[in-house]
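Residues per chain, in single letters:
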Number of protein chains: 2
Amino acid sequence: MSQILDEVLAANQDYASDFNKGDLPMPPGRRFAILTCMDARLDPAKYAGLSEGDAHVIRNAGGRASDDAIRSLVISYKLLGTREWFVIHHTDCGMETFTNDIMSDLLSSSLKTASVDASGWHDCCEGPGCTDGKYINWLTIKNQEQSVLEDVLRIRNHSLVPSDIPVYGYIYDVKSGRLIEVPEATKAGQAN
Amino acid sequence: MSQILDEVLAANQDYASDFNKGDLPMPPGRRFAILTCMDARLDPAKYAGLSEGDAHVIRNAGGRASDDAIRSLVISYKLLGTREWFVIHHTDCGMETFTNDIMSDLLSSSLKTASVDASGWHDCCEGPGCTDGKYINWLTIKNQEQSVLEDVLRIRNHSLVPSDIPVYGYIYDVKSGRLIEVPEATKAGQAN
């Protein structure tokens, strides 16, 4: 048995030993959702003050508004009643440290079999530097303000997202623990 | 200003006021990643004993091994060094309460403009009940053991996932706070 598995199961036993949240309803009590990065330094429950039952938390590499994040957000409002959403990227993000080309090189031996057609990778590149959607779009980030704005806009303008859900744009500072607004994004995400 | 936004920012100010984690490195210290559901009742940091800096946490509706989750996992190991992964679904999941057909009906007015071709939805249905990939695959769940197994297998067999990363399959019980193994999934996810 792996040490990590041991540790996780021991920690879980502790958590469950005095668990008293067994009666929480399925819909988020505070009716909001956060889309943020998978980064290990981020604890959205802590940085945003969430208790179990409060809010949906969606996380991926970068906290990007991928098709899958939008799938989750649409389910969040339509079936489970959230009415405000946050997009929260962060400083010192791993997604700033590479490009689609670098990742293609790193994965060159396997990439041939992971083209868009061969294995269902669909968020393919369309911008310059990509060859006819042959490569995966890793959704890298060049500038945090810009990526937050881009993602808020993608959500705001998506045909399945209702216009009355405000989408707030923030950057989490890993040095200070602070949430810093991206005013342009929050403005773009205003409810209509 | 919304009450939720007020509350989140106040909670963040509290968190940042005695923040002492500003020097954590980017790669997860305990070198593992968890893929789990966005459900509000789940706090992976609490149920698995994570501190800031320990592990990547990827979350979407259902905790499914979508293309985007696999994008995140591949970045997690290739650029940031994780070496063990968990797939953790949970009891009483919202994804068990509907089907692709039900969601299509709920969204019928907007769905016409959100077909696979029109707006980049790519995880389209291929199974029975779907019409030539015309509808979004919402990745609903019929049975938790089965969905965990399915997702562990999808990760295990993906061309970009190395064979030496073990993938463990678990179900989180929202009534008790306990992690329950899906032995068949963990077995299927064994490293080779």
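Along every chain, residues carry numbers that run from 1 in the direction the sequence is written. As a convention, the first chain written is A and the first ligand written is 1, with the rest following in written order. The predicted nature of this model means local features are confined to residues of pLDDT at least 70 and side-chain atom pairs, given and counted, to a pLDDT of 80 or more, with totals for whole chains, interfaces and linings taken over all residues. Derived side-chain values reflect all non-hydrogen atoms in the structure, with water molecules and hydrogen atoms excluded from consideration.

### Digging into the environment of A:Ser147
All names here are of chain A. Put simply, DSSP H or I for four residues or longer makes a helix, DSSP E for two residues or longer makes a strand, and each gets a number counted from the N terminus. Tracing the chain through its elements places Ser 147 in helix H7 (residues 144–156). Ser 147 gets classed as buried once you look at its relative accessible area, which sits at 3%. With 38 residues separating them along the chain, Ser 147 and Ala 185 place their C-alpha atoms 9.4 Å apart. For the purposes of these results, a polar contact is taken to be a pair of N or O atoms within 3.5 Å, where, inside protein, one atom must be able to donate a hydrogen and its partner to accept one; residues adjacent in sequence count only when each atom of the pair is a side-chain atom. Among the polar contacts listed, one links the side chain of Ser 147 to the side chain of His 89, at a separation of 2.8 Å. Only 3.0 Å separates the side chain of Ser 147 from the backbone oxygen of Gln 144, close enough to count as a polar contact. Whether a residue is buried, partly exposed or exposed follows from its accessible area with a 1.4 Å probe, protein chains only, as a fraction of its type maximum: under 20%, in between, or over 50%, in that order.

### Here we look at unusual backbone geometry
Residue and element names in this part refer to chain A. A positive phi angle, near 60°, is found at Leu 139, a position not held by glycine. In this structure, Leu 139 sits in the loop between helix H6 (116–119) and H7. On the accessibility criterion, Leu 139 (15% relative accessible area) is buried.

### What to know about the packing of aromatic side chains
Residues and elements named next belong to chain A. Centres within 6.5 Å make a pair out of two Phe, Tyr or Trp rings, where for Trp the six-membered ring is used; the pair is then stacked when the planes are under 30 degrees apart, edge-to-face when over 60, and tilted otherwise. Applying the stated criterion to the full structure yields 12 aromatic pairs over all chains. On the numbers, 6.3 Å between centres and 45° between planes, the contact of Phe 86 with Tyr 170 is tilted. With Phe 86 in strand E3 (residues 84–90) and Tyr 170 in strand E4 (residues 167–172), this pair connects stretches of sequence that are 84 residues apart. Grouping residues by exposure puts Phe 86 and Tyr 170 together as buried. Put simply, the rings of Phe 32, Phe 86, Tyr 168 and Tyr 170 touch in pairs and so form one group of aromatic residues.

### Remarks on the pattern of salt bridges
Whenever a carboxyl oxygen of Asp or Glu lies within 4 Å of a side-chain nitrogen of Lys or Arg, that contact is scored as a salt bridge. Under the defined criterion, the tally for this structure stands at 20 salt bridges over all chains. Linking A:Asp54 and A:Arg30 is a salt bridge whose minimum nitrogen-to-oxygen distance equals 3.1 Å. One end of the pair, A:Asp54, is in the loop between helix H2 (44–48) and strand E2 (55–60); the other, A:Arg30, is in the loop between helix H1 (3–17) and strand E1 (32–37), and 24 residues separate them in sequence. On the accessibility criterion, A:Asp54 (14% relative accessible area) is buried. Ionic contacts of the salt-bridge type, sharing partners, join the residues A:Glu7, B:Arg30 and B:Asp54 into one network.

### Some details on the pairing of E4(A)
All names here are of chain A. In terms of burial, E4 is largely enclosed, as 6 of its 6 residues are buried. Because side chains alternate across E4, one face comprises the buried residues Val 167, Gly 169 and Ile 171, and the other comprises Tyr 168, Tyr 170 and Tyr 172, equally buried. Strands are treated as partners if at least two bridges between them are detected by DSSP. Note: E3 against E4, 6 bridges, orientation parallel. Pairing of Ile 88 across the sheet is with Tyr 170, part of E4. With 3 bridges joining them, E4 and strand E5 (residues 179–181) adopt antiparallel strand pairing.

So, to be careful, I would describe these as geometric facts and stop short of saying anything about function.
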